[in-house]
Amino acid sequence: MPDKPALLWQDRSITYAQLDERVTAGAGALQHLGIEAGDRVALMVGNTPAFVEAHFATLRAGGVVVPLNTGLTSTEVEHILRDSGAEVAVVTAPIASVVLRLVHQVPTLRHVVVVAGSNTPAPDGATGTWKQLREAGHAFSAVERSSDDLAALVYTSGTTGDPKGAMLTRANLAANQDQSLAGRFRIEQDDVVLLVLPLFHIYALNVGLGASIRVGATMLLVERFDPTSTIQEVVDHGVTIILGAPPMYVAWANTPGIEDVDLSRVRMAVSGAAPLPPQVLGRFQHQFGLPIWEGYGLTEAAPSVASNAMGEEPKPGSVGLPLPDLEIRLVGKDGDDVELGDPGEVWVRGPNVFQGYWNNDEATAEALTSDGWLRTGDIATQDDDGYLYLVDRRKDLIIVSGFNVYPREVERVIYRHPGVAECAVVGVPHPYTGEAVKAFIVPVAGEEVSEDEIAIYCRDSLARYKCPESVEIVTELPHTATGKVRRGELRAGAEA
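Just so it is clear, the model here is predicted, and its values are computed rather than measured. (Residues numbered from 1 in each chain as written. Predicted model: local features only at pLDDT ≥ 70, side-chain atom pairs only at ≥ 80, totals over all residues. Heavy atoms only, no water.)

Peer 1: Teacher, can you tell me more about the packing of aromatic side chains here?
Peer 2: Centre distance and the angle of the planes are the two values used to describe a pair of aromatic rings. Inspection of every chain in the model, using the stated rule, returns 5 aromatic pairs. A centroid spacing of 4.8 Å and a plane angle of 55 degrees characterise the contact between phenylalanine 284 and phenylalanine 288, whose relative ring orientation is tilted. On the criterion of helical spacing, the pair formed by phenylalanine 284 and phenylalanine 288 is a turn pair, its members being 4 residues apart in helix α10 (residues 278-288). Using a relative accessible area of 0% as the deciding quantity, one classes phenylalanine 284 as buried. Overall, phenylalanine 288 belongs to the buried group, its relative accessible area being 17%. Each residue in the set Phe225, Tyr249, Trp252, Phe284 and Phe288 is aromatic and connected to the rest through ring pairs, giving one cluster. Its end group placed over the ring of tyrosine 357, lysine 164 keeps NZ or CZ at 5.1 Å from the ring centre. (Phe/Tyr/Trp six-rings, centres within 6.5 Å; stacked < 30°, edge-to-face > 60°. Helix = DSSP H or I, 4+ residues; strand = E, 2+ residues; numbered from the N terminus. Buried < 20%, exposed > 50% of the residue type's maximum accessible area, 1.4 Å probe, protein only. Lys NZ or Arg CZ within 6 Å of the ring centre and 35° of its normal.)

Peer 1: Got a minute to help me understand the sheet that holds strand β11 (residues 218-221) in this structure?
Peer 2: Strands pair in a sheet through their backbones, by hydrogen bonds, and they do so in one of two ways: parallel or antiparallel. Read from one edge to the other, the open sheet built from 9 strands follows the order β2-β1-β11-β10-β12-β13-β14-β15-β16, with strand pairing classed as mixed. Since the sheet does not close on itself, it has two edges, and those belong to β2 (12-15) and β16 (321-322), each with one partner. One ladder, built from 3 bridges, connects strand β13 (residues 268-271) with strand β14 (residues 292-297); its direction is parallel. Bridge pairing links serine 271 to glutamate 294 in β14. (Pairing = 2+ DSSP bridges.)

Peer 1: Which parts of the structure should I look at to understand the sheet that holds strand β25 (residues 470-473)?
Peer 2: Across the sheet, which stays open at both edges, the 3 strands sit in the order β23-β24-β25 with mixed pairing between neighbours. Edge strands, defined here as strands with exactly one partner in the open sheet, are β23 (420-430) and β25. Sheet twist, expressed as the average angle between the axes of neighbouring strands with direction ignored, equals 25 degrees. Here β23 runs beside strand β24 (residues 434-443); their pairing, made up of 10 bridges, is antiparallel. By the bridge assignment for β24, glycine 427 is matched with valine 437. (Axes fitted to C-alpha atoms, helices over the stretch in contact; angles between N-to-C directions.)

Peer 1: Explain helix α3 (residues 74-84) here, please?
Peer 2: Among all positions of α3, only Val77, Ile80, Leu81 and Ser84 are buried. Buried residues of α3 fall within an arc of 95 degrees about the axis and therefore sit on the same side. Where α3 is buried, its residues contact β3 (40-44), β4 (64-67), α4 (96-100) and β8 (150-155). Note on α3: the residue one or two positions beyond its end, glycine 85, has a positive phi of about 70 degrees. (Arc of directions from axis to C-beta. Contact = heavy atoms within 4.5 Å.)

None of the figures reported here should be taken as evidence of function without further support.
Below is the structure:
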């Protein structure tokens with residue numbers, strides 16, 4: 001296996017032997033910079049070999065990885081660097097100036113290492129480039145670490161306040177890799193896995209990168225998703241497993257000529273990080289003969305909780321069956337388990353559940369019960385076969401005249417309209433009913449959809465109080481890097 005390609009990136013191939021050598025050299029470089037067991041190293045890098053090298057070099061040196069979204073603002077970056085106590089930041093060149101300005105504002109931050117081109121010098125104020133440090137020949141001293149030691153601080157999106165650092169141990173990450181690989185999602189050595197979802201997100205980081213490395217598969221790194229160029233890379237590199245999110249499949253399903261693409265070598269398409277509309281699943285399967293195996297997880301569970309890949313076939317609208325070695329409860333407001341078929345908050349307990357939030361005992365107590373149950377904040381139902389169906393996030397619930405409206409229930413109806421490519425539903429203030437339902441619609445390319453048409457369409461399938469009070473046609477919806485719709489941004493814009 002040493003000569004087997006580990007990473008494919010642009011026109012380059014890096015073998016497992018070369019990657020191992022680079023990781024060891026990188027670990028020596030981090031130790032030279034003063035990184036010791038338990039120290040935090042922030043990574044703000046795209047899907048490049050440098051991210052993979054720095055990630056595993058940090059772990060090999062005994063450090064803790066703090067992956068950051070490359071699209072964060074300076075204020076958000078400062079909060080995470082300060083909160084985590086990061087001592088070294090490895091950052092991509094285009095955003096190096098942002099991090100360098102924070103050196104004097106974050107007391108713990110001593111070194112900024114820049115990922116740049118082979119002949120590009122480090123900017124003023126930086127310790128050096130990642131390549132220079134890795135090739136400097138700094139000796140590496142092996143570090144003994146326990147499976148219970150902290151491996152990563154992964155910050156949540158912060159939709160309800162400042163991002164919180166979820167503490168994941170080496171055992172948490174390894175457990176979820178084993179759980180994810182237990183069903184049909186079996187990555188083998190011969191597989192080529194598409195990694196276009198950002199590696200700073202726990203889904204791509206652990207289910208993609210971690211599990212692939214664990215079995216010795218080849219990973220195709222793509223920095224930016226473009227429906228045409230990315231699908232061509234899938235074909236050119238013989239990708240066998242697509243690790244995706246709903247916006248990718250929506251984009252592909254609406255790309256002209258996509259039905260002529262040969263995806264015969266792809267044996268599995270997986271979706272996570274956000275809800276997959278059943279219509280998109282059906283369209284993709286019709287076009288390519290490939291089912292999309294949807295799953296569900298969250299950062300605090302490292303991240304996978306359930307997957308359709310645990311069953312014989314994917315159930316449209318369901319996120320599948322619980323992973324092995326996981327206990328799941330659906331809990332009502334009274335703290336008791338709900339009746340089968342009734343909605344309840346998903347509670348999870350297992351070896352992949354995180355240890356709590358970094359330096360935030362109050363938030364930890366809200367998320368974890370004394371006997372180890374993780375309160376996810378997600379509302380779901382479960383059918384007779386044990387399949388989970390997400391209803392909504394508890395915080396996204398809309399209350400109209402005292403009645404509960406779950407946005408996803410409304411969205412599922414709207415998605416059935418043939419002219420709708422994407423939609424999102426939020427609650428907005430209303431003087432009489434407290435809140436009202438508002439829908440944002442992205443039409444299918446070339447189709448015309450009116451506000452009245454959508455409103456009338458919903459009346460055939462939804463109770464009146466659940467129907468959109470207003471509809472807005474937009475060209476696109478705001479998403480996080482992994483495909484979740486930024487409902488807070490939509491709400492803020494609607495209320496302005």
